[in-house]
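Close look at the chain arrangement
Chain residues, written in single-letter form:
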Amino acid sequence: MAVTFNGNYLKDFMSEEELWALAPAVKAAHDALHQKTGLGNDFLGWLDLPTNYDKEEFARIQKAAEKINTQADVLIVIGIGGSYLGARAAIELLRSPFYNNLKKDTADIYFVGNNVSPSYLQEVLSICEGRDVAVNVISKSGTTTEPALAFRVFKNLLEKKYGEEGAKERIYCTTDKARGTLKELADKNGYECFVIADDVGGRYSVLTAVGLLPIAVAGCDIKAIMDGAKEAENALSDSNIEQNDCYKYAATRFALYQKGKGVEIMVSFDPCFGMMAEWYKQLFAESEGKDNKGIYPSSATFSTDLHSLGQFIQDGSRIMFETFMDIKKPKQDFFIDADPNNFDGLNFLSNQEMSKVNGKVMEATILAHTEGGVPSVVLELPEINEHEFGYMVYFFEKACAISGYLLGVNPFDQPGVESYKKNMFALLGKPGYEAQKAELEARISK
Ligand code: PA5
């Protein structure tokens, strides 16, 4: 069981020889990663995490998840970027995009602190009315403004509802082991804390408490996730590209980028993959997009987007390639019965599972887009379950690291994110930003 690379549809765009020609560069990237000699080498804790994760903390995560499910109808997960996308992706993929509407014995889960929309916040607050609530606040730095603001609101809500002592029993913090405002507050108030290790960056942290606690609350088997990741850690450790599907994917992206394909569209044919694609976008955008380089990661869910983006992909600017997630076995299937009168003329689709029809939609799309000049990479996923999710997370994390090294960038920092933050602080009047505030306001009023 594994994510498998299928390059069969690439023949019109690049030869196998071109891929194999990248073997020395891939080997160099692999060595830099494994020998910890490359850029950002102090952020490689994710590399052996499936083997070396903290087992004691893992057991605490499982216990906390059980406790949350006994004490709360609603879990509010507060975080942004790498501190929220992985958990949401897992829950929508493994449980359902309709998770909160399912009949279940686990808490509903809402994600806040990833925007500053007052309407969004008010709507989640009104959903909480009359229901028992717990909060998992997640911030590696412990200082990010958007989640900090949301936490202020939900901390107040819990304290009003349950009193200060009662609130403490319902607040779970996932943050740095020693630094940051959140850690200080957690220590002062005695909140249960989970640690994001120094050497694991936000977007590589889904297999830590960052992702695992909310995922466990949703009723997913987090041990199976770690086992899947461990399988990937072993299977994807070969430096030889010919034996390593993760490296084939990374090198193919790089080869296509060198041929002018600066946009990758991550495509799936199942909406449950939608948030997974959001997670992929953050992982690759923050890792690769720097020094005026990088592939712009985007996503589409088909058939939905075939009736919107599909036109552009088929016919518009030839700037992109697609990566199709070919999910071999859906979580559930649906048998299409024949209609005795064939009233809608659709009996040609009948007497088969709907997944077969979806498979043909995919083949038809790949052939059409390939003919339209869009290279198609196919990644095959045998089925959707916790084990495969863990494998896939590790597959993409490693592909991203190798891609970054092939590009010559540091895949583990995100200096560009700071620019908007500085302006935001200045415009909002944060102490210490007075000069910048005046300068920005002068620019606005021009
Ligand atoms: O990948 C990253 O490092 C970022 O996307 C962070 O996850 C994001 O900025 C949130 O940061 P923090 O967890 O410090 O609040």
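Residues numbered from 1 in each chain as written. Predicted model: local features only at pLDDT ≥ 70, side-chain atom pairs only at ≥ 80, totals over all residues. Heavy atoms only, no water.

All right, on to the site of the ligand then. In the vicinity of the ligand, 13 residues are found, and the nearest of them are Ser83, Ser139, Ser141, Thr144 and Gln282. In the model, an oxygen atom of the ligand is placed 2.6 Å from a nitrogen or oxygen of the Ser139 side chain. Taking 390 Å² as the accessible area of the ligand by itself, protein coverage stands at 89%. Its residues assigned to classes, the shell around the ligand comprises one nonpolar, nine polar and three charged. (Near = heavy atom within 4 Å. Polar contact = N/O pair within 3.5 Å; in protein donor to acceptor, adjacent residues only side chain to side chain. Areas by Shrake-Rupley, 256 points an atom, 1.4 Å probe, with all protein chains shown as cover. Nonpolar A, V, L, I, M, F, W, Y, C, P; charged D, E, K, R; others polar.)

At the junction of Phe302 and Ser303, the peptide bond is cis and its omega measures out at 5° in the coordinates. Among the structural elements, Ser303 can be located in the loop between β8 (296-301) and α13 (309-315). Even without glycine at this site, Lys36 takes up a positive phi of about 55°. Here Lys36 is to be found in the loop between α2 (23-34) and α3 (49-52). Despite not being glycine, Asp291 has its phi angle at roughly 55°, a positive value. With respect to the secondary-structure elements, Asp291 resides in the loop between α12 (274-288) and β8. The class of Asp291 is exposed, set by a relative accessible area of 56%. (Helix = DSSP H or I, 4+ residues; strand = E, 2+ residues; numbered from the N terminus. Buried < 20%, exposed > 50% of the residue type's maximum accessible area, 1.4 Å probe, protein only.)

Here we come to the sheet that holds strand β7 (residues 263-268). Pairing in this open sheet of five strands is mixed, and the strands run β1-β12-β9-β7-β8 from one edge to the other. With partners counted over all chains shown, the strands left at the sheet margins are β1 (4-6) and β8, one partner each. For this sheet the average axis-to-axis angle between neighbouring strands, irrespective of direction, equals 25°. As judged from the three bridges shared by β1 and strand β12 (residues 376-381), these two strands associate in the antiparallel manner. Residue pairing across strands places Asn6 opposite Val378, the latter belonging to β12. Across the sheet, helix α11 (residues 245-258) lies against β1, β7, β9 (320-327) and β12, angled at about 40° from β1, the strand it touches most. Lying over the sheet, α12 contacts β7 and β8, oriented at roughly 175° with respect to β8. (Pairing = 2+ DSSP bridges. Axes fitted to C-alpha atoms, helices over the stretch in contact; angles between N-to-C directions. Contact = heavy atoms within 4.5 Å.)

Attention now moves to the pairing of strand β5 (residues 171-175). A large share of β5 lies buried, amounting to five of its five residues. Because side chains alternate across β5, one face comprises the buried residues Ile171, Cys173 and Thr175, and the other comprises Tyr172 and Thr174, equally buried. In the sheet, strand β4 (residues 133-139) pairs with β5 via five bridges, with the strands oriented parallel. Bridged to Asn136 within β5 is Tyr172.

On the secondary structure map, Ser298 appears in strand β8. Assessed through its relative accessible area of 16%, Ser298 is described here as buried.

On to the environment of Val374. By the secondary structure assignment, Val374 is in the loop between α14 (354-371) and β12. Classification of Val374 as buried rests on a relative accessible area of 1%. Val374 sits 361 residues away from Phe13 along the chain, and the two C-alpha atoms are 8.5 Å apart. Discounting chain neighbours no more than four positions away, the residues touching Val374 are Phe13, Ile313, Arg318, Met320, Phe321, Glu322 and His369.

This paragraph deals with the packing of aromatic side chains. Summed over all chains, the structure comprises 17 aromatic pairs. On the basis of an interplanar angle of 70° and a centroid distance of 6.4 Å, the ring pair of Trp279 and Phe396 is categorised as edge-to-face. Of this pair, Trp279 sits in helix α12 while Phe396 is found in helix α15 (residues 386-407), placing the two residues 117 residues apart along the sequence. Side by side, Trp279 and Phe396 carry an identical accessibility label, which is buried. Within the aromatic cluster, the residues linked to one another by ring pairs are Tyr249, Trp279, Tyr280, Phe284, Phe395 and Phe396. (Phe/Tyr/Trp six-rings, centres within 6.5 Å; stacked < 30°, edge-to-face > 60°.)

Under the feature "active site" (unreviewed entry), the UniProt entry names Glu286 and Lys421. Within the secondary structure layout, Glu286 lies in helix α12. Here Glu286 is in contact with Arg203, Asp413, Gln414 and Val417, once residues within four sequence places are set aside. By the element assignment, Lys421 lies in helix α16 (residues 417-428). (UniProt positions renumbered as here; feature names shortened; annotations may be inferred.)

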